[in-house]
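# Structural description and commentary
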Amino acid sequence: MPINHDQNSTKMDKMNSNHLIEKTPTPNIKNIILVASGKGGVGKSTVAAGLALSLSLEGYSVGLFDADIYGPSIPTLFNLVNDYPVMADNGGKPRIEPFEKFGIKVMSIGFLVNNNQPLLWRGPMASTSLKQLMNDTDWGELDYLIIDTPPGTGDIHLTLLQQYEVDGAIVVTTPQNLALTDVQKVVGMFFNENVGVPILGIVENMAWFTPSKHPDEKYCLFGKGGGEFLANEFDIPLLAQIPLTERLCNSCDEGKLNELLADSAVKKGFDLLLEGILKSKHD
């Protein structure tokens, strides 16, 4: 069966039709930032969580929404696996109370399903569930809502872009060519004239390996220069290069996000990312 290359364009055209798409207002959320990648396994969730933590430490009110329906990582990063949120009555309407940890309000589909069972949902059901979870969560007043999206350019991304006023996106890659090929498709999605969401910058994750006991050493396990290539190719800022360290891996696996920035090399990368995000609001 031949592939219809006009299908994506048709979907995007519908996104721009006022009679078909009505964005959901989020008056209590000042800024919505998507964290995206074209490929799984690049550490996108770690970057999203680290950015949320960095903003929180600067005194901003921050939420983190895990929109990766099929592979939610945020419960693990926050050591909230098998924890279930409570419902609250807000003016007669049931609302979901997000968890609050490390100064961040956190919500994920992973809090509502069995951690050991796969979600066998088609696109429409996944999109409907995502919207309901986003809209029914009692976020309160937020300066920033960081949304951790799934890999690729599918239904979840289209739903978020259709339904909400997204202020910008961060694209995460690793240095190797295999990741770059997929990431370019994500860049193309945001560049589409019917999307209109600016890419705030590129983050090159796992840029090199640095032993925690030897912070001056760098080993480029996954190649090098990928983030810089993307930045030059699409005229997008390379906001940060974040190294891979044992301490970073341990803090993620053990749900000790508060220790993520204890490594000086990792903290430097997230400091640069934070600086780039804050600067984008003043440009």
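As shown above, the structure is provided for reference.
Heads up: these notes are all about the structure in this document.

## A look at the nonpolar core
Formed by 79 residues in total, the largest nonpolar core has its most connected members in F65, F78, I146, F190 and L273. Those residues within four positions of I146 in sequence are excluded, and the remaining contacts are I33, V35, A48, L51, A52, L55, V62, G63, L64 and F65.

## Digging into the pattern of salt bridges
For the coordinates displayed, the defined rule picks out five salt bridges. Here D148 makes a salt bridge to K44, at a shortest N to O gap of 2.9 Å. Taken as a pair, D148 in strand 7 (residues 142–148) and K44 in helix 2 (residues 44–57) lie far apart in primary sequence, 104 residues in all. The exposure class assigned to D148 is buried, which follows from its relative accessible area of 0%. Relative accessible area serves as the criterion here: at 7%, K44 is assigned to the buried category. Residues E254 and K256 are paired through a salt bridge, measuring 3.3 Å at the closest nitrogen-oxygen approach. Relative accessible area serves as the criterion here: at 35%, K256 is assigned to the partly exposed category.

## Concerning the packing of aromatic side chains
In this structure the tally under the stated criterion is five aromatic pairs. Note on F65 and W139: the rings are 6.0 Å apart at their centroids and 85° apart in plane angle, and the pair reads as edge-to-face. With F65 in strand 2 (residues 62–66) and W139 in the loop between helix 4 (123–136) and strand 7, this residue pair connects regions lying 74 residues apart in the sequence. Using a relative accessible area of 5% as the deciding quantity, one classes W139 as buried. For K218, the ring lying beneath its charged end belongs to W208, and the centroid distance is 4.0 Å.

## Focus on the sheet that holds strand 5 (residues 99–101)
Pairing is mixed in the open sheet, where eight strands are placed in the order 5-6-2-7-1-8-9-10. The strands lining the two open edges of the sheet, one partner per strand, are strand 5 and strand 10 (238–244). Within the sheet, the average angular offset between the axes of one strand and its neighbour, ignoring direction, is 25°. As paired elements, strand 1 (residues 29–36) and strand 8 (residues 168–173) share four bridges and run parallel to each other. Directly across from L34, in strand 8, lies its bridge partner A169. Along the sheet face, helix 2 touches strand 1, strand 2, strand 6 (104–108), strand 7, strand 8, strand 9 (199–209) and strand 10 and points at about 170° away from the line of strand 7. Contacts between helix 7 (residues 226–234) and the sheet are confined to strand 8, strand 9 and strand 10, with strand 9 contributing the most and set at about 160° to the helix.

## Remarks on the packing of helix 6 (residues 177–191) against helix 7
Across the interface, helix 6 lies against helix 7 with an axial gap of 11 Å and an inter-helix angle of 35°. Here helix 6 runs over helix 7; the crossing is right-handed. Residue-level inspection shows L180, V183, Q184, V187 and F191 of helix 6 in contact with helix 7, the latter providing G226, F229, L230 and F234. For the contact of helix 6 with helix 7, the residue count by class is seven nonpolar, two polar and no charged.

Conventions we followed
Residues numbered from 1 in each chain as written. Predicted model: local features only at pLDDT ≥ 70, side-chain atom pairs only at ≥ 80, totals over all residues. Heavy atoms only, no water. Core = buried A, V, L, I, M, F, W, Y, C linked by side-chain atoms within 4.5 Å. Buried < 20%, exposed > 50% of the residue type's maximum accessible area, 1.4 Å probe, protein only. Contact = heavy atoms within 4.5 Å. Salt bridge = Lys/Arg side-chain N within 4 Å of Asp/Glu carboxyl O. Helix = DSSP H or I, 4+ residues; strand = E, 2+ residues; numbered from the N terminus. Phe/Tyr/Trp six-rings, centres within 6.5 Å; stacked < 30°, edge-to-face > 60°. Lys NZ or Arg CZ within 6 Å of the ring centre and 35° of its normal. Pairing = 2+ DSSP bridges. Axes fitted to C-alpha atoms, helices over the stretch in contact; angles between N-to-C directions. Left-handed = near helix turned anticlockwise from the far one by under 90°. Nonpolar A, V, L, I, M, F, W, Y, C, P; charged D, E, K, R; others polar.

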